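Spelled out, the chains give:
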Amino acid sequence: MEDTKQLEQRMQELMTLWDASKQLNSHLELEKVFDNILWQMVQVIGAEAGTLWVADTDGANLRAVSAHGPAASEILDVELPKGQGIVWKVLETGQAERIEDAAEHPDWNQRVDQQLGFVTRSLLTVPLMVKDQQLGSLQLLNKQDGKFFTEQDMRLAQALAQQSALALHNSQMYDELNRMLISMIRTLASVLDARDPYTAGHSERVADYSLWIAQKIELEQSECEELYKAALLHDIGKIGIRDELLQKPGRLSQEEFEAIQKHTTIGAGILANMEPRHAMERSVETAKSHHERMDGSGYPERLTGEAIPLFARIVGVADAFDAMTTARPYSKGLTQREGAEELMRCRGSLFEDRMVDAMMSILEECDYDTSTYKTERRYRI
Ligand SMILES: [Fe+2]
């Protein structure tokens, strides 16, 4: 009987490990994955509560990012400065700790218990580390039925901590690289805009409008992020257009207009050379096709309807709206309300109706002043 029970318990533990590794390799948001893993650990190992502590980027504090148990909501966002308590100690030594009576332990930090009105008895704490990098700690509190955590509990917790640490490390590296990439793209775009005082901030605004439209039509978060980068780079080809032409006040001759139109293909050519190529594909399309129009009156290929790539259909609306509402040497620019009327006039002919509708609802929400527009999921660094 006892053997069957033990076997069941082992099976349960293996299932937890298997499920955790499946989740960590999926594309779910990391916070949700950690939350699930912690919950499973609390269940399988049998603890009253559990907390996942993650180190800040500068490594000065550990912050509770996920918690289960009676004081879970209170402990979230509690911070432990470097060196305080057992969660820091396991990180510093790299060794897991099993403690039978926390109150008797010299490293136990009473402050958190007192703050939360929770009584900690037994404890199991394991470090989250990749090589020497201290990423955080996983802590289980109060083994059920007044028992103590076992050697076997500790091994399972360590196995889960190891996998979680790797996933956390990868995601932090990805975030850092992504932040660096976005800031370089923004710098590049602002250098480009700065060539002409009348277009200062154009790329940033077009990127914001495009992102807002994408959120309104409910594109996935990863697509929104890709679109934001593509929109920042949509006019990159203007690098290849002479200043006199770009900044020329008044009407352009047919020849000059054709020269300016080339910024689309020049931009696509520049971006097509950037690596990794598959990550640049949609930016290439956007730079090339953002002046295409639904009725085939655009350039450079006179594409129609859905033959125009999705990102280019979005950026096309954002770009046109910003161009209309920005002052130029030869025109003072429309108000945002007038710009909205102009978009409506061209709805379905030049611009895709659902993009125009999305932009209209954004403009209505901010009462035709986009500087005040608030979106919950604003993608920013
Ligand atoms: Fe353009």
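This is a predicted model, so every value here is computed, not measured.

### Regarding the overall build of the protein chain
Looking only at helices and strands, one finds 15 helices and six strands in the protein chain. In terms of overall dimensions, the protein chain is more spread out than a globule: its C-alpha atoms have a radius of gyration of 28 Å, far above the 21 Å expected for 381 residues. For the protein chain, the share of sequence-separated contacts (at least 6 apart) that also reach a separation of at least 24 residues comes to 62%. Taken as a whole, the protein chain presents about 19,900 Å² of accessible surface, with 51% of it coming from carbon and sulfur. Distance between charge centroids for the protein chain: 4 Å, based on 41 positive and 62 negative side chains.

### Some thoughts on the pairing of strand E1 (residues 47-55)
Most of E1 sits inside the fold, with eight of its nine residues counted as buried. The pairing of E1 with strand E6 (residues 133-143) spans seven bridges and is classified as antiparallel. The residue bridging Gly 50 from the neighbouring strand is Leu 140, located in E6. Once E1 ends, the chain turns through five residues before running back antiparallel as strand E2 (residues 61-68), passing Gly 59 with a positive phi of about 70°.

### Examining the UniProt feature "domain: HD" (unreviewed entry) in the protein chain
Taking the UniProt record as the reference, the feature "domain: HD" (unreviewed entry) is found at residues 199-324. Each end of residues 199-324 is marked by a C-alpha atom, and these two atoms are 12 Å apart; helix forms 61% of the span and strand 0%.

### Observations regarding the coordination of the iron ion
Taken together, Asp 235 (OD), His 263 (NE2), His 290 (NE2) and His 291 (NE2) make up the full set of protein donors to the iron ion, lying 2.2 to 2.4 Å away. In this structure, the iron ion is coordinated by four donor atoms arranged in irregular fashion, with angles at the metal of 84 to 170°. Read N to C, the donor residues that coordinate the iron ion are spaced as D-x27-H-x26-H-H. Taken as a pair, His 263 in helix H11 (residues 263-272) and His 290 in the loop between helix H12 (277-289) and helix H13 (310-324) lie far apart in primary sequence, 27 residues in all.

Conventions used here
Residues numbered from 1 in each chain as written. Predicted model: local features only at pLDDT ≥ 70, side-chain atom pairs only at ≥ 80, totals over all residues. Heavy atoms only, no water. Helix = DSSP H or I, 4+ residues; strand = E, 2+ residues; numbered from the N terminus. Rg over C-alpha atoms; globule rule 2.2 N^0.38 Å. Contact = heavy atoms within 4.5 Å. Areas by Shrake-Rupley, 256 points an atom, 1.4 Å probe, with all protein chains shown as cover. Lys, Arg positive; Asp, Glu negative; His and termini not counted. Charge placed at Lys NZ, Arg CZ, Asp CG, Glu CD. Buried < 20%, exposed > 50% of the residue type's maximum accessible area, 1.4 Å probe, protein only. Pairing = 2+ DSSP bridges. UniProt positions renumbered as here; feature names shortened; annotations may be inferred. Donors = N, O, S within 2.8 Å, 3.2 Å for Na, K, Ca; no water. Tetrahedral: all angles 85-135°; square planar, octahedral: opposite > 155°, others 65-115°.

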